[in-house]
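Structural overview
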Amino acid sequence: MTQTDRSAPPATPGSQPPALSLRETLRAAEIDTRLLGMLVALAVIWIAFHVMSGGTFLTPRNMWTLTVQFASVAIMATGMVLVIVSRNIDLSVGSMLAVVGMAMALVQAEILPDYLGFDHPATWIIALVAGILLGAALGAFQGAIVAYVGVPAFIVTLGGLLVWRGVAWWMASGRTIAPMDSNFQLLGGGSRGTIGGTWSWVVGVVLCVGIVALLVNSRRQRKRFGFRLRPMWAEVTLGVIGCVAALGSIGFLNRYYLPEGLARQYAEDNQIPWPEGGLNVSAGLAVPVLIALGIAMLMTFLTTRRRYGRYVYAIGGNPEAAELAGINSKRTIIKTFALMGGLVGLAAAVQIARLNAAVSGLGQLTELYVIAAAVIGGTSLAGGIGSIPGAVLGALLMQSLQSGMVLMNVDAPMQNIVVGIVLVIAVTLDTVYRRRSR
Amino acid sequence: MADETSTVRPPLVELRDMHVAFGGVKAVDGVTVDLFPGEVVALVGGNGAGKTTLIKSLSGAHPADAGQILIEGQPVTIHTPRDAKSLGVETIYQTLALADNVDAPSNVFLGRELTTRWGNLDSSAMEDATRKLMARLNPKFENFIVPVQSLSGGQRQSVAIARAVHFNARVLIMDEPTAALGPAETEQVRELIRQLQREGLGIFLISHDIHDVFDLADRISVMLQGKLVGTVNKDDVTVDEVLAMIILGKRPGEVTIEDIAELH
Ligand SMILES: Nc1ncnc2c1ncn2[C@@H]1O[C@H](COP(=O)(O)OP(=O)(O)OP(=O)(O)O)[C@@H](O)[C@H]1O
Ligand SMILES: [Mg+2]
């Protein structure tokens, strides 16, 4: 159908194509300056908290806890990016989280035990899959009303916010459902839901290899077509920065050690005699953090390398143009809401596993944190603009603010005031930046 | 109204008795036009005459309420842009219809992305194809990795044109393709139209520029208030006669000396 001639020689045969300049390198490397800006903001916040809290913020223990707390909002924020990019919004995620959390809790605590008995090895996966599917179905239902009936997403999901909250209460008449299946609990990253120091290093090395592979592959692609290449020093720098960041974070987090009780348990299990001064056993990455990491990569892949993602952006940029290009916008919108719902299901699993219980008040105000994370991460409410890594950083930034303030004993009302102000400042800076770069 | 000799073969495209209404407004009211391979038919008329609405029924952007579309003599149904494209009908819209937030290659291939074996987007292949295409259409075009909203009007137009010509169209619809262009770029587009015509494409050209029309078109179809005033061979008419059709709705022969005087 196309006339692509892939065997054609490069534009300047024989000679190396000219190198890219530094600014173009930043651009070509897809390190947009605003993502760099966010990293700087994050660093500033961390250092400020560290100083103000008398050196308790940038500790392995605090950062490890922070990563566990940020995971569920990060998971949902990646889906919210696509919803907002497609010129929609989902206000129902908090209430939907309660419904799905409640459903998963009922499945594992009250339904499955009748058939499988307690703590059957299949229970956790059945409950998890059921929850994700239920979330996707609720999302698809709302998406269908938006896409086919044409009711604005704001209204549909505002209705959802009220309806699902009520449904969550009604599902168990306001009871608390507990406890969770013991395998399911690992999803929350509780005392046993971590992968240990060694496996964490493995994850770090895999990330490092992945970064290098991406760089090599992208260079090979550009070479194949004779495009201009990044200078070699830039490639190496990028690779080194990526690996140092990945391995550095792992090394830092690995210095969070299991509390004494669990460490003793560990020593017993591995038949290590308990030493005098105690035993330092790295907890390693928590399961929810791994999930968030995996989801972030999967969603980045989906948005940048698959047709679906490209269509979401095209619809957000110009819905009419997308239709004229033959894109099925309605189906794309439904998929986007379903994806959001599925991610809500996953986040709900993480939350009830961590709480080891489900209550109908689960996820209250979560929609606002999720939207704020996406928006702080550079997602434009006008649609068409936003990135997954940005939203994940946004979630990290929000969680850092909250943890930092908790550490400094700032009271809850004040925390809200600060988060609110930061949200407005972030969007203001973004707007100014965009206007100038136009 | 076409050359008697060329009716031996059925026209490449025939729009018969097309009707499109928006509420009470009859935007297209019983219009019949046709187009032969290797021919440029200009569609002209004042603002709101219904030109865009007529061609949208062929491009699938807005299906007609009534009427028949024939391609190479065969009746076809066109409900969506996809239908039109699969019949080899490509369109450059007046609004360009670009996704402003993505880059030129993404726009050129929007809806028809090149993918790898695994179904992943093959961005490099798309960029490469776009570069080759642009080398032909607009050699000065260099911004392949920035969102098209930051491009000039002429560059954006080049992207829209590239998208239409890349996919081996048989029929090309161009709605004001030179409206946003400077003189040099306009000349490039004119040359491109001539080249595509030589390659045997049929082209519907909508233009307000009467010089464009007389320079490029073989036949001229004139619309006024949703109705077809008439179709004439370019060689048989003068600019004044066409202007009289556009403004007064009078066919050559019906025009009086006073009418012509009024036009000037
Ligand atoms: N989507 C729409 N909804 C309602 N009315 C419309 C719509 N599109 C076009 N019209 C009306 O139909 C008539 C024909 O419009 P059309 O855009 O086809 O004219 P045109 O000949 O292309 O004009 P121009 O030279 O200004 O582009 C106008 O009266 C216009 O107001
Ligand atoms: Mg028009």
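Residues numbered from 1 in each chain as written. Chains lettered and ligands numbered in written order. Predicted model: local features only at pLDDT ≥ 70, side-chain atom pairs only at ≥ 80, totals over all residues. Heavy atoms only, no water.

Here we take up the overall build of chain B. In terms of helices and strands, chain B carries nine helices and 10 strands. For a compact globule of 264 residues, the expected C-alpha radius of gyration is about 18 Å, and chain B comes in at 19 Å, within 12% of that figure. Referenced to the eigenvectors of the C-alpha coordinate spread, the extents of chain B come out at roughly 65 × 40 × 40 Å. Taking all contacts inside chain B whose residues are at least 6 apart in sequence as the whole, residues at least 24 apart take part in 62%. (Helix = DSSP H or I, 4+ residues; strand = E, 2+ residues; numbered from the N terminus. Rg over C-alpha atoms; globule rule 2.2 N^0.38 Å. Contact = heavy atoms within 4.5 Å.)

Glancing now at the environment of Leu35(A). Residue and element names in this part refer to chain A. Counting through the fold element by element, leucine 35 comes out in helix α2 (residues 33-52). Residue class for leucine 35 comes out buried when judged on its relative accessible area of 17%. When residues no more than four places from it in sequence are discounted, the contact partners of leucine 35 are Ser387, Pro389, Gly390 and Leu393. (Buried < 20%, exposed > 50% of the residue type's maximum accessible area, 1.4 Å probe, protein only.)

With that settled, consider the sheet that holds strand β9 (residues 219-224) of chain B. Two orientations exist for strands paired in a sheet by backbone hydrogen bonds: parallel and antiparallel. Residue and element names in this part refer to chain B. The strand order β6-β7-β8-β3-β9-β10 describes an open sheet built from six strands, whose pairing is mixed. Two strands bound the open sheet, and with one partner strand each, they are β6 (89-92) and β10 (227-233). For this sheet, the mean inter-axis angle between neighbouring strands, taken without regard to orientation, is 15°. In this sheet, strand β8 (residues 202-206) lies alongside strand β7 (residues 171-175) in parallel orientation, the contact comprising five bridges. Looking across to β8, one finds that isoleucine 173 is bridged to phenylalanine 204. In the packing of helix α1 (residues 51-59) onto the sheet, the strands contacted are β3 (40-44), β6, β7, β8 and β9, and the crossing angle to β7 comes to about 150°. Docked against the sheet, helix α6 (residues 183-198) engages β3, β7 and β8, running at close to 150° with respect to β8. (Pairing = 2+ DSSP bridges. Axes fitted to C-alpha atoms, helices over the stretch in contact; angles between N-to-C directions.)

With that settled, the discussion passes to the side chain of Gln351(A). Residues and elements named next belong to chain A. As for its position among the elements, glutamine 351 is in helix α13 (residues 329-355). Engagement of the side chain of glutamine 351 in a polar contact is seen with the side chain of serine 72, the distance being 2.8 Å. What glutamine 351 contacts, discounting residues up to four positions off in sequence, is Ser72, Leu97, Leu362 and Gly363. (Polar contact = N/O pair within 3.5 Å; in protein donor to acceptor, adjacent residues only side chain to side chain.)

Time to look at helix α4 (residues 123-137) of chain B. Between its first and last C-alpha atoms α4(B) spans 20 Å; for 15 residues at 1.5 Å apiece the expected length is 21 Å, and the two agree. Within the sequence span of α4(B), burial applies to Ser124(B), Ala125(B), Met126(B), Glu127(B), Asp128(B), Ala129(B), Thr130(B), Leu133(B), Met134(B) and Leu137(B). On its buried side, α4(B) packs onto α7 (196-224) and α11 (307-317) of chain A together with α3 (104-108), α5 (153-165) and α6 of chain B. (Expected span 1.5 Å × (residues − 1).)

Let us look at the packing of helix α10 (residues 287-305) of chain A against α11(A). Residues and elements named next belong to chain A. Put simply, α10 and α11 touch, their axes get as near as 5 Å, and they point 70° apart. With respect to their mutual orientation, α10 and α11 come out roughly perpendicular. From α10, Leu302, Thr303, Thr304 and Arg305 reach across to α11, where they touch Arg307, Tyr308, Gly309, Arg310 and Tyr313. Considered class by class, the residues forming the contact of α10 with α11 number three nonpolar, three polar and three charged. (Parallel < 35°, antiparallel > 145°, perpendicular 65-115°, else oblique. Nonpolar A, V, L, I, M, F, W, Y, C, P; charged D, E, K, R; others polar.)

Residues and elements named next belong to chain B. Across the sheet, which stays open at both edges, the four strands sit in the order β2-β1-β4-β5 with antiparallel pairing between neighbours. Pairing within the sheet leaves two strands with one partner each, and these edge strands are β2 (25-35) and β5 (74-76). Adjacent strand axes in the sheet meet at a mean angle of 30° when their direction is disregarded. As judged from the three bridges shared by strand β4 (residues 66-71) and β5, these two strands associate in the antiparallel manner. For leucine 70, the partnering residue across the bridge sits in β5 and is proline 75. The strands touched by α1 within the sheet are β1 (13-22), β2 and β4, with β1 carrying the most contacts at an inclination of about 115°.

Attention shifts here to the packing of aromatic side chains. The tally for this structure, following the rule as stated, stands at five aromatic pairs over all chains. Arranged with centres 5.2 Å apart and planes meeting at 65°, the rings of Phe141(B) and Phe144(B) form a pair that is edge-to-face. Owing to a relative accessible area of 4%, Phe141(B) belongs among the buried residues under this scheme. Looking at Arg112(B), its charged tip hangs above the ring of Phe167(B), at a distance of 3.7 Å from the centre. Geometry around Phe227(A) places Arg131(B) over its ring, the cationic atom sitting 5.0 Å from the centre. (Phe/Tyr/Trp six-rings, centres within 6.5 Å; stacked < 30°, edge-to-face > 60°. Lys NZ or Arg CZ within 6 Å of the ring centre and 35° of its normal.)

Tallying the contact residues gives 34 residues for chain A and 38 residues for chain B. Across the chain A to chain B interface the summed buried area is about 3200 Å²; carbon plus sulfur atoms make up 52%. On the chain A side of the interface with chain B, the three residues burying the most area are Phe227(A), Arg310(A) and Leu324(A), jointly 21% of the side's total. For the pair chain A and chain B, the interface holds two salt bridges. Where Arg307(A) meets Glu113(B), a salt bridge forms, and the shortest distance between an N and an O atom there is 3.2 Å. Remark: the boundary between chain A and chain B carries 13 residue pairs in polar contact (both at pLDDT 80 or more). Those elements giving two or more residues to the side of chain A that touches chain B turn out to be α7, α10, α11 and α12 (319-324) of chain A. If one sorts the elements of the side of chain A that touches chain B by residue count, α11(A) sits on top with seven residues. Of the residues in the side of chain A that touches chain B, the class split is 12 nonpolar, 10 polar and 12 charged. (Buried area = accessible area lost by both parts, 1.4 Å probe. Salt bridge = Lys/Arg side-chain N within 4 Å of Asp/Glu carboxyl O.)

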